[in-house]
Structures are given as C-alpha cells and as structure tokens.
Amino acid sequence: MITDRDDGHPLETGAGHGGRRPGYPVAAGVFAIGMAGTTLPTPLYGLYREQLGFSELMVTVVFAVYALGVITVLLLAGNVSDTVGRRPVLFCALGLSAASALCFLFEGGLPMLLLGRVLSGFAAGLFSGAATAAVLELAKPGQEAHAGFAATAANMGGLGCGPLLSGLLAQYAPWPLKLPFLVHLGLVVLATGATWLLPETVRPPRRLRSLRPQRLHLPHEVRGVFAPSAIAAFAGFALLGLFTAIAPSFVGQTLGVHNLAVAGAVVFTVFLGSTVGQSLSGRIGVRTALPAGCLVLVAGLVLVATSLAVTSLPVLVTGAVCGGIGQGLAFRAGLTAVGHAAPPEHRGGTISAFFLVAYLGISLPVVGVGALTMELGLRGAGLTFSACVIAVAVGVGLYVLRRPPTDDD
C-alpha cells in the first residue's frame, strides 16, 4: 500500500514487500520488549530504598524522572521518524534501553538510578511515536484493525510484563537487582535483530538537518479527534501513574506482603486490564469506547480508593483490573482515532503529541503523591490522589459524551 506524501515522496508500507519480510506483529514485539524495560525497576524500588536509604518521595521522583525523559524526547524528536525513517529511530531507542539496563546493572547509588530512568524515558519517548507508526503502517489492507490493537497492546502489555518479569526473577532467582536487567539486555539483542529485518515504511528516508523543540502543531485532519482522545488518555495514564508509584509500597508496607513477585503481579493486573479493554474497544467503536472507558475508569478508581481505605488486596486487584479495562478502552479508541485521522507524513509527530499529553498524566501527579506521602502517609496520599483523578475522569467522560470524536474508525 502506497500513500502519497505532501512533499511528493511516497510512504511505503509492508505490503510493498510481498510479505517476504516481517510485518506488524514483529514490530509490535519489538515495541513490547522496549516498553517492558521501562517498568522493570517498579517492584525493585523497595530493595533500592533499603539499600540506599532514600524516602518514598524519592521513589516517586525517580519514577517521575522517567516521565520527564519521555516528555523531553517527545518535544525534541517526536516527529523525527517521519523524516529519517522508523527503523533508525527504533535502533536508537533500543540502544538507549540497553544503556538504561547497564546503569542499573552497575548501579552505584542514586545518581545512576536517576540516569538509568532518564535514559529509559528517552527510549520510551522514541518508541511511543516511531513504533506505533511502524506497526500501523506495516499492516496490509484489511489488517488495520488488528494492527491498531497490536500497537496499543504492545505498549500496555510491555509495560505490564516489565514488573511481572522482574518481580518473579527478584523473588525466585539469584541476583535480584541484576538478573532482571541481564535478561532484558538479551531481549534487546533479539529485538535489534528483528528490527534489522523489518521493512522501512518511510520512503525515502531523509537526513535530519537539525534537532529542535517541535511545535505541537496538529494537522487540521486530526483537530476534531485529538482533544477528547488526548484528554481521555491523560486521565487513564494518571491511573497507571498511581499504580506504578504506590502499589508496590502499599502491598509491602500496609498489607505486609513482601513477596516481590506478588508486588509485580499486582502492577501487572492494571496493564492486563488495559489490554483487555483495548480488545473490547475495537468491537464497540471509538465514539462509544471513549465515554464508556471513562465510566469504567471511574469505577476502577473508586475500588482502588476503597482498597486503600480498608487495606484489602483483593479489592485493590479488582480495582486495578476494572480501572485498567477503562483505561484500555479509552486509550485504544483515542489512539485509533488520532492515528487514522493523521496524514502519513505527519503520523509519527501527531502520535507523539498524543503520547505527550498522556505522559503528562503519568508524571506530574506522581510527584504530588510522593509529596503528600510525607504529610498524609501512603494511604492518605493515595486516597487524595484517587479523588483528584476521579474528578478528572468524570469531567473527561462528560466532555466526550458532549463532543465525541468525529472519526469512528
């Protein structure tokens, strides 16, 4: 399939190779491996806290530094893959992911942890736009819906598999602070080989003349769908931020469950719910999935707040699954609408702008949770944060009911 570009250059997808080279499932696998590396440290922060002696606030700062890295790359290079091609950007992201793992392997204190998280954020920022665009563009005619699900499932599924993998390895295998990152390095090597085999979908790739902050200019084709889609993503990612920031600490400190595999599995449940929600989103359509996702997200947040109030692990897991389903419904609906509405020559940049708004939701509130923890304790901070996100999600749900996306792909 060939789509004309505004500059006269064609943009070629995987179909142009007659199926002889890997298609969108392989690109989705590379995407998942890259995103898994960004959440590997999540169940390990308790061990780092004991080893290095920093506070719960510093845990959230370390987490937020990752999101700062993502936002920086999305602002500086969110549209670079539209110019130089998807594969070079994926190679760069995999290199940054490997460098992040090495920082954790040779960790010598808080500065190396912060550096590792920043590099991981850089990698995630590059993956978010380039890998999503590559998966969508490698779909052959008739595969677009499957590719849309593959792109969002690789993102959320990869994020969920990271803490599950590291929690299992840290609990039941030797070298709890080393082995998870060694395994990830091996996966990065496999992903690099797979990326080498992928066809390039930007034809012809061009040299990047300069790297400067990009204006968040949206093509007129996407303006009708971007605002409701991005705001819904903001609310859903705020839930993910809450979970990845406080769930492991809540499980260990409040519930007294010190099994790292359990902590990783609890975080995994919210991303598992997200993947389920994404699979449902494709069946009910964008216009329905966005408000429905916000409604289910609110229900999940209420359950999470209840679990903090009554200190119940089953209620926490139920809230994670429910909230994750709501996040997945809204996230895939929004990304599908934005990705399909964007012209090919601006798709990478437009998707990066979408992720920029989403990652603002996962970063800014997390530091607030850490600060509140110093004054209100972990439970009080979680309850306050849950109430704020519930208010945002309700507002978003009402907004998208009144002004649904105009694109129902």
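Computed from a predicted model, the values in this text were never measured in an experiment.

(A) Quick peek at the overall build of the chain. Within the chain, the secondary structure is distributed over 13 helices and two strands. A globule of 409 residues ought to have a C-alpha radius of gyration of about 22 Å, and the chain, at 20 Å, matches this closely. The principal-axis extent of the C-alpha atoms belonging to the chain is close to 60 × 50 × 35 Å. Among the 409 residues that make up the chain, the fraction classed as buried is 58%. The long-range share in the chain, meaning contacts at least 24 apart out of those at least 6 apart in sequence, stands at 86%. Entry remark: accessible area of the chain is about 15,100 Å², with carbon and sulfur atoms responsible for 67%. One way to put it: in the chain the 23 positive side-chain charges average out to a point 2 Å from where the 17 negative ones average out.

(B) Representation of unusual backbone geometry in the model. Positive phi, close to 50 degrees, is recorded for tryptophan 175, a residue that is not glycine. One non-glycine residue, threonine 311, lies in positive phi territory at about 50 degrees. Relative to the helices and strands, threonine 311 is located in the loop between helix 11 (286–310) and helix 12 (313–341). Overall, the relative accessible area of 30% leaves threonine 311 in the partly exposed class.

(C) Geometry of the packing of aromatic side chains. A full pass over the atoms with the stated rule returns 10 aromatic pairs. Between phenylalanine 91 and tryptophan 196, the ring centres sit 6.1 Å apart and the planes meet at 50 degrees, which makes this aromatic pair tilted. Remark: tryptophan 196 occurs in helix 8 (residues 179–197) and phenylalanine 91 occurs in helix 5 (residues 86–105); sequence separation between them is 105 residues. Both rings, one in phenylalanine 331 and one in phenylalanine 355, keep their centres 5.9 Å apart while their planes meet at 65 degrees; by these two values the pair is edge-to-face. With phenylalanine 331 in helix 12 and phenylalanine 355 in helix 13 (residues 347–402), the pair connects residues that are 24 residues apart, well separated along the chain. Across the pair, exposure class does not vary: phenylalanine 331 and phenylalanine 355 are buried alike. Above the face of the tryptophan 196 ring, arginine 87 is positioned so that its terminal group lies 5.6 Å from the ring centre.

(D) A look at the layout of surface pockets. Quantified by volume, the second largest pocket comes out at close to 320 Å³. Gly46, Arg49, Pro248, Gly252 and Leu260 are the residues nearest the centre of the second largest pocket, which is lined by 20 residues in total. Going through the elements one at a time, helix 2 (45–52), helix 3 (56–77), helix 9 (223–254) and helix 10 (260–284) are the ones with two or more residues in the lining of the second largest pocket. A total of six residues in the lining of the second largest pocket trace back to one element, the largest contributor, which is helix 9.

(E) Expanded view of the environment of tryptophan 196. Of the residues examined, tryptophan 196 reaches a relative accessible area of 59% and is grouped as exposed. For the pair formed by tryptophan 196 and leucine 90, sequence separation is 106 residues and the distance between their alpha carbons is 9.6 Å.

The rules behind the values
Residues numbered from 1 in each chain as written. Predicted model: local features only at pLDDT ≥ 70, side-chain atom pairs only at ≥ 80, totals over all residues. Heavy atoms only, no water. Helix = DSSP H or I, 4+ residues; strand = E, 2+ residues; numbered from the N terminus. Rg over C-alpha atoms; globule rule 2.2 N^0.38 Å. Buried < 20%, exposed > 50% of the residue type's maximum accessible area, 1.4 Å probe, protein only. Contact = heavy atoms within 4.5 Å. Areas by Shrake-Rupley, 256 points an atom, 1.4 Å probe, with all protein chains shown as cover. Lys, Arg positive; Asp, Glu negative; His and termini not counted. Charge placed at Lys NZ, Arg CZ, Asp CG, Glu CD. Phe/Tyr/Trp six-rings, centres within 6.5 Å; stacked < 30°, edge-to-face > 60°. Lys NZ or Arg CZ within 6 Å of the ring centre and 35° of its normal. 1 Å grid on protein atoms, 1.4 Å probe; cavity = no way out; pocket = protein on both sides within 12 Å on 5 of 7 lines; lining within 4 Å. Points joined across faces, edges and corners; volume = space filled by probe spheres on them.

Everything listed is a geometric property; what it means functionally is a separate question.
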